[in-house]
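# Close look at the chain arrangement
One-letter residues, chain by chain:
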Amino acid sequence: VEAGLKINGDWRGRKHRIWEGGFRVPFLVRWPERVKAGSVCCRTVSLVDTYATLAELLNVPLPEPEVAAQDSISFLPLLADPTGPQPRASVVLHSARGVFAIRQGPWKYIEGKPYGKVRPAELKHNPEFRPQLYRLDNDPAEANNLIAKHPDVVGRLGSLLDRHRLAGFSRPAP
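Just so you know, the residues in each chain are numbered from 1, in the order the chain's sequence is written. Only residues with pLDDT of 70 or above have their local features reported here, since the model is predicted, and side-chain atom pairs are shown and tallied only from 80 upward, although totals for entire chains, interfaces and linings are computed over all residues. Each side-chain value is derived from all of the structure's non-hydrogen atoms; neither hydrogens nor water enter the calculation.

Turning to the pattern of salt bridges, a few remarks are in order. Any Lys or Arg side-chain nitrogen found within 4 Å of a carboxyl oxygen on Asp or Glu counts as a salt bridge. Applying the stated rule across the entire model yields eleven salt bridges. We note a salt bridge from Arg97 to Glu122, for which the minimum N-O separation is 2.5 Å. With a gap of 25 residues between them, Arg97 in the loop between strand 1 (91–94) and strand 2 (100–104) and Glu122 in helix 3 (residues 120–125) connect regions that are remote in the sequence. Linking Arg165 and Asp162 is a salt bridge whose minimum nitrogen-to-oxygen distance equals 2.9 Å. Pair noted here: Arg165 and Asp162 are both in helix 4 (residues 151–167), with a separation of three residues, about one helical turn. A run of H or I in DSSP becomes a helix once it reaches four residues, and a run of E becomes a strand once it reaches two; helices and strands are each numbered from the N terminus.

Below, the structure written as structure tokens:
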């Protein structure tokens, strides 16, 4: 920003942080027989979804989520129809410091708990280490923390994150 650059657009943060600027990247596909040139899909997919997508394309069954591809969900149908249904119910994220977040629909809940030892001064001053809730569809910069206004959403997303963590995977079992 100091040099007049805004490489992450309106998204807050950068790589290794918990905010969208560290996770939002384009996923480009060129497949003339299946993907319409110039088409755009606004659905949420993750790089880990490539595994399940290729498995579906090759008609190879995925192993049980306890074994492999713990978080992978196929987005193959979106390649043909970018307006199709959202393939994932949620996506779990974490920063380099081990702070977990979960996105579901327009909501993003950041747990705010770092993994491992953190100096007290860093705990106090690092905004990543505070619980946060954002509605990304109308706050892409993650500037308006709604945690106090929506305790129901915080509870629902916090419980979902805990279930995924306890299970060790977020992919629904077949």
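Moving on from the model shown.
Side-chain rings of Phe, Tyr and Trp, where Trp is taken by its six-membered ring, are said to pair if the distance between their centres is within 6.5 Å; with planes under 30 degrees apart they count as stacked, over 60 as edge-to-face, and otherwise as tilted. Applying the stated criterion to the full structure yields one aromatic pair. Between Phe27 and Phe75, the ring centres sit 5.2 Å apart and the planes meet at 80°, which makes this aromatic pair edge-to-face. Of the two residues, Phe27 sits in the segment before helix 1 (49–57) while Phe75 sits in the loop between helix 1 and helix 2 (76–80), which places them 48 residues apart along the sequence. The cut-offs for exposure are 20% and 50% of the maximum accessible area for each residue type, with area from a 1.4 Å probe on protein chains only; residues under the lower value are buried, those over the upper are exposed, and the others partly exposed. Take Phe75: its relative accessible area is 5%, and that puts it in the buried class. Across from the ring centre of Phe100, 5.2 Å away, lies the NZ or CZ of Arg165, which sits over that ring. Sitting over a ring, as applied to charges here, requires NZ of Lys or CZ of Arg to be within 6 Å of the ring centre and within 35 degrees of the ring normal.

Bringing the sheet that holds strand 3 (residues 107–110) into the picture now. Backbone hydrogen bonds hold the strands of a sheet together, and the pairing may be parallel or antiparallel. Strands pair, by our definition, only if DSSP identifies at least two bridges between them. Sheet architecture is open: four strands sit in the order 1-2-3-4, paired in antiparallel fashion. A strand with exactly one partner marks an edge of an open sheet, and here the two such strands are strand 1 and strand 4 (132–135). Averaged over all pairs of adjacent strands, the angle between strand axes in this sheet comes to 20°, irrespective of strand direction. In this structure, strand 3 lies alongside strand 4, joined through four bridges in antiparallel fashion. By the bridge assignment for strand 4, Ile110 is matched with Gln132. Across the sheet, helix 4 lies against strand 1, strand 2, strand 3 and strand 4, angled at about 115° from strand 2, the strand it touches most. Each axis is a line fitted through C-alpha atoms, taken for helices only over the stretch in contact, and angles between the N-to-C directions span 0 to 180 degrees. Contacts are assigned to residue pairs that have any heavy atoms within 4.5 Å of one another.

Position of Pro82 among the secondary structure elements: in the loop between helix 2 and strand 1. In the structure, Pro82 is positioned 43 residues away from Ser39 in sequence and 7.3 Å away in space, judged by C-alpha atoms. Look past the residues within four positions of Pro82 in its chain and what remains in contact with it is Ser39, Val40, Cys41 and Arg43.

Time to look at the nonpolar core. With eleven residues, the main nonpolar core is built from Ile18, Trp19, Val91, Leu93, Val99, Ala101, Ile110, Val118, Phe129, Tyr134 and Leu136. Ignoring any residue separated from it by four or fewer positions in sequence, one finds Leu93 in contact with Ile18, Glu20, Phe23, Val99, Phe100, Ala101, Arg103 and Lys108. Counting ten residues, the second largest nonpolar core, distinct from the first, contains Leu133, Leu146, Val154 and Leu157. Nonpolar cores were defined as sets of buried Ala, Val, Leu, Ile, Met, Phe, Trp, Tyr and Cys residues, with membership established by side-chain atoms within 4.5 Å.

A word on the side chain of Ser90. Relative to the assigned elements, Ser90 resides in the loop between helix 2 and strand 1. Polar side-chain contacts of Ser90 include one of 3.4 Å to the side chain of His164. Once you skip the residues sitting within four places of it in the chain, Ser90 turns out to touch Ile102, Arg103, Gln104, Leu160 and His164. Here a polar contact is taken to be a pair of N or O atoms separated by no more than 3.5 Å, where protein atoms must pair a possible hydrogen donor with a possible acceptor and residues adjacent in sequence count only if both atoms sit in side chains.

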